[in-house]
Amino acid sequence: MIWTVYLSGEIHTDWREQIAAGAEAAGLPVEFTSANTDHESSDAAGDFLGKPESNFWRDHQSSKVNAIRTKTLIEQCDLAVIRFGDKYKQWNAAFDAGYCAAMGTPYITLHDEDIVHPLKEVDAAAMAWAQTPEQVVELLKYVTA
């Protein structure tokens, strides 16, 4: 079986690349999917549909276009890894975790210990909490064996 792993959350560090490189080095039977991680193009995803009258409606329009990809990829994944960084609030990651929980899709959270408390409900529904990309790779080794 080839596992499809959806990588969600923080876009300002290379955690996705670290997990992909670790999985490749270990020869794991996984393929990775993700939302658009380019902030500017994500924000502009719906701009071709017309210029909304305010930034609220621009964000609303683009979030719906982005949701086509996100919703489809989450529904197709076997497992999700959801990363919460410390620099920005990742509301989209929390939403993705809730969506996974509602669908019964297992997910792993990836974040530092200093944000355990604000993520207690998200972590409670997760199958595992990792603090490093290397720990995620070890989890993937175990579950795909």
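Quick note: structure is the one above.
Here is what the cut-offs are and how they apply
Residue numbering note: each chain is counted from 1, following its sequence as written. Per-residue local features of the predicted model are confined to residues with pLDDT of at least 70, and side-chain atom pairs are confined, for both listing and counting, to 80 or more; whole-chain, interface and lining totals are unaffected and use all residues. Values shown for side chains rest on all heavy atoms present in the structure; no hydrogens or waters enter the calculation. Grouping buried Ala, Val, Leu, Ile, Met, Phe, Trp, Tyr and Cys residues that are joined through side-chain atoms within 4.5 Å yields what is termed a nonpolar core. The rule is simple: take the accessible area with a 1.4 Å probe, protein chains only, and divide by the maximum for that residue type; under 20% is buried, over 50% is exposed, in between is partly exposed. Any two residues having at least one pair of non-hydrogen atoms within 4.5 Å are treated as being in contact. For every element, the axis is a line fit to its C-alpha atoms; helices are fit only across the contacting stretch, and the angle between N-to-C directions ranges from 0 to 180 degrees. Strands are runs of DSSP state E lasting at least two residues, helices are runs of H or I lasting at least four, and both sets are numbered from the N terminus onward. Comment on the angle field: the value is read as roughly parallel under 35 degrees, roughly antiparallel over 145, roughly perpendicular from 65 to 115, and oblique elsewhere. Crossings are classed by handedness, with left-handed meaning an anticlockwise turn of the near helix from the far one by less than a right angle and right-handed meaning a clockwise turn. Here the term charged refers only to Asp, Glu, Lys and Arg, the term nonpolar to Ala, Val, Leu, Ile, Met, Phe, Trp, Tyr, Cys and Pro, and the term polar to all other amino acids, Gly among them. Side-chain rings of Phe, Tyr and Trp (the six-membered ring for Trp) are treated as a pair once their centres are within 6.5 Å; stacked means planes under 30 degrees apart, edge-to-face means over 60, and tilted covers the remaining angles. By definition, two strands form a pair when at least two bridges between them are found by DSSP. Convention used here: a crossover is right-handed provided that the path from the first strand, over the helix, to the second strand proceeds clockwise when the strands point away from the viewer.

*Asks:* I'd love a proper account of the nonpolar core, names of residues and values included.
*Replies:* Ranked by size, the top nonpolar core spans 17 residues in total, and within it Ile 19, Val 81, Leu 110, Val 136 and Leu 140 carry the most contacts. Among residues more than four places away in sequence, those in contact with Val 81 are Val 5, Tyr 6, Leu 7, Ser 8, Trp 15, Ile 19, Ile 108, Leu 110 and Val 136. One finds Cys 77, Ala 80, Ala 97 and Ala 126 within the second-largest nonpolar core, a separate group that totals 15 residues.

*Asks:* Please set out the packing of helix α1 (residues 15-25) against helix α6 (residues 133-144) residue by residue, giving values where relevant.
*Replies:* Where α1 meets α6, the axes come as close as 9 Å, and the angle between the chain directions of the two elements is 40°. Of the possible angle classes, the one that applies to α1 and α6 is oblique. You can see that α1 and α6 cross each other, and the crossing is right-handed. Residue-level contacts link Trp 15, Gln 18, Ile 19, Gly 22 and Ala 23 of α1 to Pro 133, Glu 134, Val 136, Val 137 and Leu 140 of α6. Here the residues of the contact of α1 with α6 are counted per class, giving 7 nonpolar, 2 polar and 1 charged.

*Asks:* Explain the packing of aromatic side chains residue by residue, including any values.
*Replies:* Evaluated as defined, the whole model comprises 1 aromatic pair. Ring centres 4.7 Å apart and planes at 85° place the aromatic pair Phe 56 and Trp 57 in the edge-to-face group. Given a relative accessible area of 53%, Phe 56 falls into the exposed group.

*Asks:* Quick one: what's the story with the pairing of strand β2 (residues 30-34), residue by residue and with numbers?
*Replies:* Relative to β2, strand β1 (residues 3-9) is paired through 5 bridges, and the arrangement is parallel. Note that in β2 the partner of Val 5 across the bridge is Phe 32. Note that the unit made of β1, α1 and β2 has a crossover that is right-handed.

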